[in-house]
Every structure is written in structure tokens, then in C-alpha cells.
Amino acid sequence: MRNLTRALLVTGLLLGASITQAAETATVFGAASLKNALDNAGKAFTARTGIEIKASYAASSALARQIEAGAPADLFASADLEWMDYLDKKTLIRPESRVNLLNNRLVVVAPKDAKESEVPFTVEGFAKALGSDGRLATGEVTSVPVGKYAKAGFEKLGLWATIQPRLAQADNVRAALALVSRGEAPLGVVYESDAKSDPGVKVVGVFPADSHPPVVYPFAVTSEAKGDGAARFLDFLKGPAAKPFFEAQGFTVITVE
């Protein structure tokens, strides 16, 4: 009887430990361009707190729709304001937690071994760099943030009519980056942080800041977040300990507490 009691006690303790361990997890849905920075920040946060960060990366549009469909995300990090606004209107985030945390720059990249070191923002410049049948890779221009920024920039610069027929539209910014890195597209429009993450590409142009809406990354805890792990991780991301992880990838931190 004593052994049975002891066995039940041990089992109960193990089950309690498992429940505690399961509770100490936060799931982040992050824009694809955030992968390197958030992975590194997540490791540092876990080492400090013991809370495991699980991350899923894709286009902000895809992630927002997944959250809308009931995907179990605790924290959403978008690459533009519109998709955060989309979830806010559907009461799927906690508005008091929302913060515009980062800025990024929109750049043109080419394969590292490309002849061009700079592509001017002219019809002639892009025609020469793309060649007779080359494509320009970027995100899908009606939903993926990097594609929307790219379209706005090319329209403002008077290049949209030239560029539109040559687009290779990808599901997210990292997929567009991979097309250029593998040499499947001679040019791509991505974020500066993406260009820094891939040694297979080089920056050959930077969009003028006033040619497109500012690239802003809002973060927010979702309305269905479990526990306080996501809120604690967001507090960490807003603090000085996380700043180097973002700056190392080319982001500019807007808010530091």
C-alpha cells in the first residue's frame, strides 16, 4: 500500500511537472523577415526565463488569416500595419499590448556574383539588369507586405508599368530572396534585413524613403493567448536586451523601454 501511494505521488508530481512545462511556452507568429532576429531573441529569452518560444514564420497576410481561422498563436508580429489592423478590427489581438517596434528599409538585391553593383531607379537601369527575359522577385503585391511596399515604390517612381510584367511574385519575402540567391531571378525587392541574412545576394539599390509607406513592424499579444509567456516575451523584445538582435539584422528599433 505504501509503495502504491508513493507511486501515485511520483506520477502526480510528474504530471504536474509536465503541465507546468507545457504552460511555459509561447507561440509566435512572425513575418518571414523576422526569422533570424526573433530566433536569436527567443533563445536568449528562454535562457533567461525558462519559457520556450515556438515560432512560425510566413507572410503577415497568411499568418493573420491563420489566426483568424483559430490557429493557436500567442503573439503576432506583422511586417505592416494593415494586417495588424485587420486582426484588431476582428478583436483578435489585445490592443493595449500593441506596439510599433521596428522599422526596416526596402532594397533591391541581385545575386552576389552579378555584374551590376548598382541599379539606378530608371526604366533603362532595370531593363539592363533584368535582361531580355529575367524576372524581378518580390512578395505577392496585393497581400504580402514586401510586395505591397514594392508596388507602391515603383508606382511613385514611375516604374510600375515597366516592372509589373516582369514580376515573380512569391508567397513571402524569404521565398523571393531565395529566388535571387539561387540565381533564378536577376533582381528582387526585399527588406534590408533579408539581404543581410543571405550571403548569396548583394544590395544594388535602396528605395527612397518617401517612395512608399514606412516599413513598420507592429507586435501584439493575441486575444486568445494562453498564460503570460507572450506578454513577457514582448516586454523582453521591447527592452534593451533584445535591441542588438534586431540591429544585427538591419532593423531599426523604434521603442525601447
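Throughout, residues of each chain are indexed from 1 in the direction in which the sequence is written. Reporting of local features is limited, given that this is a predicted model, to residues whose pLDDT is at least 70; pairs of side-chain atoms are given and counted only at 80 or more, and all residues count toward the totals for whole chains, interfaces and linings. Where side-chain values are given, they derive from all heavy atoms of the structure, hydrogens and water being excluded.

S.K.: Which parts of the structure should I look at to understand empty space enclosed by the protein?
M.R.: Empty space among the atoms becomes visible once a probe the size of a water molecule is rolled across them. Grid spacing is 1 Å over the protein atoms alone, the probe is 1.4 Å, and a cavity is where that probe fits but cannot get out, while a pocket is an open set with protein on both sides within 12 Å along at least five of seven lines and lining residues have an atom within 4 Å of a point. Grid points are joined across faces, edges and corners, and a volume is the space filled by probe spheres set on the points. Taken as a whole, this structure holds 1 cavity of 30 Å³ or more when the rule is applied. Of the pockets and cavities examined, the largest cavity occupies roughly 60 Å³.

S.K.: Teacher, can you tell me more about the packing of helix α3 (residues 60–68) against helix α4 (residues 81–89) here?
M.R.: Packed helix pairs are specified by the crossing angle of their axes together with the interaxial distance, meaning the distance between the axes. Orientation of α3 relative to α4, taken along the N-to-C sense of each, is 10 degrees, at an axis distance of 9 Å. Between α3 and α4, the angle is such that the two are roughly parallel. For the pair α3 and α4, the contacting residues are Ser60, Ser61, Ala64, Arg65, Ile67 and Glu68 in the first and Trp83, Tyr86 and Leu87 in the second. Tallied by class, the residues present in the contact of α3 with α4 amount to 5 nonpolar, 2 polar and 2 charged. Here an axis means a line fitted to C-alpha atoms, over the contact stretch when the element is a helix, while the angle between two N-to-C directions is reported on a 0 to 180 degree scale. Numbering of helices and strands runs from the N terminus, with a helix taken as a DSSP run of H or I at least four residues long and a strand as a DSSP run of E at least two residues long. Each angle gets one of four labels, with under 35 degrees taken as roughly parallel, over 145 as roughly antiparallel, 65 to 115 as roughly perpendicular, and the rest as oblique. Only heavy atoms enter the contact rule, under which two residues are in contact if any of them lie within 4.5 Å. Each residue is assigned to one of three groups, with Ala, Val, Leu, Ile, Met, Phe, Trp, Tyr, Cys and Pro labelled nonpolar, Asp, Glu, Lys and Arg labelled charged, and all others, Gly among them, labelled polar.

S.K.: Quick question: what am I supposed to make of the sheet that holds strand β3 (residues 75–77) here?
M.R.: Pairing between the strands of a sheet comes from backbone hydrogen bonds, and it takes one of two forms, parallel or antiparallel. For two strands to be treated as a pair, DSSP must find no fewer than two bridges joining them. The 6 strands are arranged β2-β1-β3-β10-β4-β11 in an open sheet whose pairing can be described as mixed. A single partner strand is all that each edge strand has here, and the edge strands are β2 (52–58) and β11 (252–253). The sheet contact formed by β3 and strand β10 (residues 215–221) spans 3 bridges and is antiparallel. Pairing of alanine 77 across the sheet is with phenylalanine 219, part of β10. Along the sheet, α3 makes contact with β1 (25–31), β2 and β3, crossing β1 at roughly 135 degrees.

S.K.: How do you make sense of the environment of glycine 50 when you look at a structure like this?
M.R.: Here glycine 50 shows up in the loop between α2 (35–49) and β2. Accessibility expressed as a relative area gives 47% for glycine 50, which makes it partly exposed. C-alpha of glycine 50 to C-alpha of threonine 25: the two residues are 25 residues apart in sequence and 8.8 Å apart in space. If we ignore the near neighbours within four places in the chain, the residues touching glycine 50 are Glu24 and Phe45. For every residue, the accessible area obtained with a 1.4 Å probe (protein chains only) is divided by the maximum for its type, and the residue is called buried under 20%, exposed over 50%, and partly exposed between those limits.

S.K.: What should I look at first to understand the confidence of the model for the protein chain in this one?
M.R.: Keep in mind that low pLDDT regions are not for reading the predicted coordinates in detail. Confidence of the predictor at the level of single residues is given by pLDDT, which spans 0 to 100. Overall, the predicted model of the protein chain reaches an average pLDDT of 92, with 90% of residues at or above 70. For the stretch residues 7–23, pLDDT sits under 50, and the model shows 0 contacts to residues farther than four places along the chain or on other chains.

S.K.: Would you take a moment to explain the pattern of salt bridges for this structure?
M.R.: In a structure, side chains of opposite charge can pair up when their charged atoms sit close to one another. Throughout this description, the term salt bridge denotes a Lys or Arg side-chain nitrogen within 4 Å of a carboxyl oxygen of Asp or Glu. The final tally for this structure, using the stated rule, is 11 salt bridges. Between glutamate 192 and arginine 105 there is a salt bridge; the shortest N-O distance is 3.1 Å. Of the two residues, glutamate 192 sits in helix α9 (residues 192–197) while arginine 105 sits in the loop between β4 (99–104) and β5 (106–111), which places them 87 residues apart along the sequence. What makes arginine 105 partly exposed here is its relative accessible area of 43%. Salt bridges sharing partners connect three or more residues here, namely Asp80, Glu82 and Lys148.

S.K.: Would you mind going over the side chain of serine 211 with me for this structure?
M.R.: With respect to the helices and strands, serine 211 occurs in the loop between β9 (201–206) and β10. On the basis of relative accessible area, serine 211 is assigned to the buried category, the value being 5%. In the analysis that follows, any N or O atom pair within 3.5 Å is treated as a polar contact, provided that within protein one partner can donate a hydrogen and the other can accept it, and provided that, for residues neighboring in sequence, both atoms belong to side chains. Here the side chain of serine 211 touches proline 208 through a polar contact of 2.7 Å, landing on its backbone oxygen. The contacts of serine 211, once residues within four sequence positions are left out, are Ala152, Gly153, Lys156 and Leu157.

S.K.: Just to check I follow, could you spell out α2 for this structure?
M.R.: Since the α-helix packs 3.6 residues into each turn, any two residues three or four apart lie on the same face. Expected span of a helix: the number of residues minus one, times 1.5 Å. Taking 1.5 Å of rise per residue, 15 residues should cover 21 Å, and α2 covers 20 Å from first to last C-alpha, within 8% of that figure. Three or more residues of α2 are buried, namely Ala37, Leu38, Ala41, Gly42 and Phe45. Down the axis of α2, the buried side of the element spans an arc of 125 degrees, and every buried residue falls inside it. Turned more than 90 degrees from where α2 packs its buried face, Lys43 and Ala47 sit exposed. Lining the buried residues of α2 we find β1, β2, β10, α10 (229–238) and α11 (243–248). Positive backbone phi, approximately 85 degrees, marks glycine 50, located one or two places after α2. Our arc is simply the arc of the directions from the helix axis toward the C-beta atoms.

S.K.: How should unusual backbone geometry be read in this particular structure?
M.R.: A positive phi angle, near 55 degrees, is found at threonine 91, a position not held by glycine. Tracing the chain through its elements places threonine 91 in the loop between α4 and β4.

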